[in-house]
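# Descriptive structure summary
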Amino acid sequence: RLYNEVQDLKGNIKVYCRIRPFLPGQSMKHNIIEHIGENGELVVANPSKNGKDNHRLFKFNKVFGPATTQEEVFLDTRPLIRSVLDGYTVCIFAYGQTGSGKTYTMSGPAVLSKEDWGINYRALNELFQITQSRTSSIIYEVAIQLVEIYNEQVRDLLSTDGYQKRLEIWSTAQPSGLAVPEASIHPVKTTADVLELINVGLTNRAVGATALNERSSRSHSLLTVHVRGTDLVTNAVLRGNLHLIDLAGSERADRSEATRERLREAQHINKSLSALGDVIFALAQKSSYVPYRNSKLTQVLQSSLGGQAKTLMFVQLNPDVDSYSETISTLKFAERVS
Ligand code: ADP
Ligand code: MG
């Protein structure tokens with residue numbers, strides 16, 4: 001094994017918390033983040049409530065405060081990404097309400113410079129640097145798929161013709177090892193290739209949506225990186241997979257304001273996020289039954305969650321008191337899976 005740095009007593013599931021900074025124009029005095037400990041403690045306070053019940057403690061594998069850079073977050077994630085080259089399957093999720101920084105962590109801000117790159121570009125860049133340095137007899141091929149799950153339907157964000165087509169999820173026994181074999185698969189060699197493809201994906205995602213942000217906050221996007229290493233001496237083949245998942249916003253729909261369409265979306269999101277929570281919970285408990293079949297998201301990831309696979313969940317928080325109740329429900333989700 002080249003990179004086997006990731007060992008964790010709790011098994012293969014880690015939960016990190018990341019708190020985004022206040023954005024220009026937001027007032028600092030409504031901050032609910034009371035304390036960030038060195039060992040993953042987080043204390044949140046509800047400043048609009050007096051008395052002794054207004055502080056709550058949560059525990060993570062790690063907490064990244066608002067000043068944490070993209071680079072720092074990546075350095076913590078890097079061993080996990082490198083383990084893909086040893087043939088591991090890795091899933092990295094971003095969970096949280098809309099506006100909490102999920103896309104920022106996974107991809108970066110809308111206007112992207114290299115310094116702001118999120119985990120997905122940095123991960124691919126890292127894989128390219130290692131696989132192209134040719135220090136061994138192994139040659140690597142890297143390819144990506146990008147799909148969206150919206151209203152419990154899977155679609156290919158990189159297809160050139162049939163984006164609207166609903167794709168089947170195949171059973172895990174397929175020889176290709178692909179969960180969504182109908183989704184187009186694109187060989188990539190440079191980060192520029194990846195940036196270009198992801199832009200195609202963003203354009204496709206806007207199709208049929210009134211506003212890009214609206215739609216993207218209600219669908220899950222799954223970027224899957226397939227790595228195949230072939231040893232030129234022994235002909236042995238090693239496959240690793242990396243799934244980078246920007247989840248739909250976890251917020252509840254406001255029943256009084258929501259349209260029927262919005263409520264339907266919310267039901268689907270709710271169902272798939274709780275199915276994901278149930279799967280991770282069952283895996284963390286080492287339960288003999290893992291309920292993968294309850295959502296498309298967990299079906300797609302069935303062969304990638306559990307077993308030898310490694311999972312990292314970023315729980316994203318908005319520090320503002322206006323988000324307090326959503327933040328607490330995000331933290332409760334995290335508490336259950338960690
Ligand atoms: P989400 O995907 O959860 O809806 P975004 O990633 O779009 O949230 O973040 C909401 C806004 O906050 C965006 O303008 C984003 O650029 C900004 N943002 C999020 N996290 C950070 C961060 N760590 N540093 C600076 N800006 C951030
Ligand atoms: Mg987003």
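Report on the accompanying structure. (Residues numbered from 1 in each chain as written. Chains lettered and ligands numbered in written order. Predicted model: local features only at pLDDT ≥ 70, side-chain atom pairs only at ≥ 80, totals over all residues. Heavy atoms only, no water.)

## Regarding the sheet that holds strand S2 (residues 33–36)
- Pairing in this open sheet of 3 strands is antiparallel, and the strands run S2-S3-S4 from one edge to the other. Of all strands in the sheet, those bounded by a partner on one side alone are S2 and strand S4 (55–59). If you compare each strand with its neighbour and ignore which way they point, the axes differ by 20° on average.
- Lying on the sheet, helix H8 (residues 324–337) is in contact with strand S3 (41–45) and S4; it crosses S4 at an angle near 35°. (Pairing = 2+ DSSP bridges. Helix = DSSP H or I, 4+ residues; strand = E, 2+ residues; numbered from the N terminus. Axes fitted to C-alpha atoms, helices over the stretch in contact; angles between N-to-C directions. Contact = heavy atoms within 4.5 Å.)

## Topic: the environment of Cys91
- Along the chain, the position of Cys91 falls in strand S6 (residues 89–95).
- Separated by 133 residues in sequence, Cys91 and Thr224 place their C-alpha atoms 9.1 Å apart.
- Discounting chain neighbours no more than four positions away, the residues touching Cys91 are His243, Leu301, Ser304, Leu305, Lys310, Thr311 and Leu312.

## What to know about the pairing of S2
- Sheet topology places S2 next to S3; 3 bridges connect them, and they run antiparallel. Of the residues in S3, the one forming a bridge with His35 is Val43.

## Observations regarding the site of ligand 1
- Residues in contact with ligand 1 amount to 13 residues; listed here are only the nearest, Gly99, Gly101, Lys102, Thr103 and Tyr104.
- In the environment of ligand 1, an oxygen atom lies 2.7 Å from a nitrogen or oxygen atom belonging to the backbone of Gly99.
- Contacts to ligand 1 include Tyr104, whose backbone N or O atom sits 2.8 Å from an oxygen atom.
- Ranked by residue count, the leading element in the shell around ligand 1 is helix H2 (residues 102–106), at 3 residues. (Near = heavy atom within 4 Å. Polar contact = N/O pair within 3.5 Å; in protein donor to acceptor, adjacent residues only side chain to side chain.)

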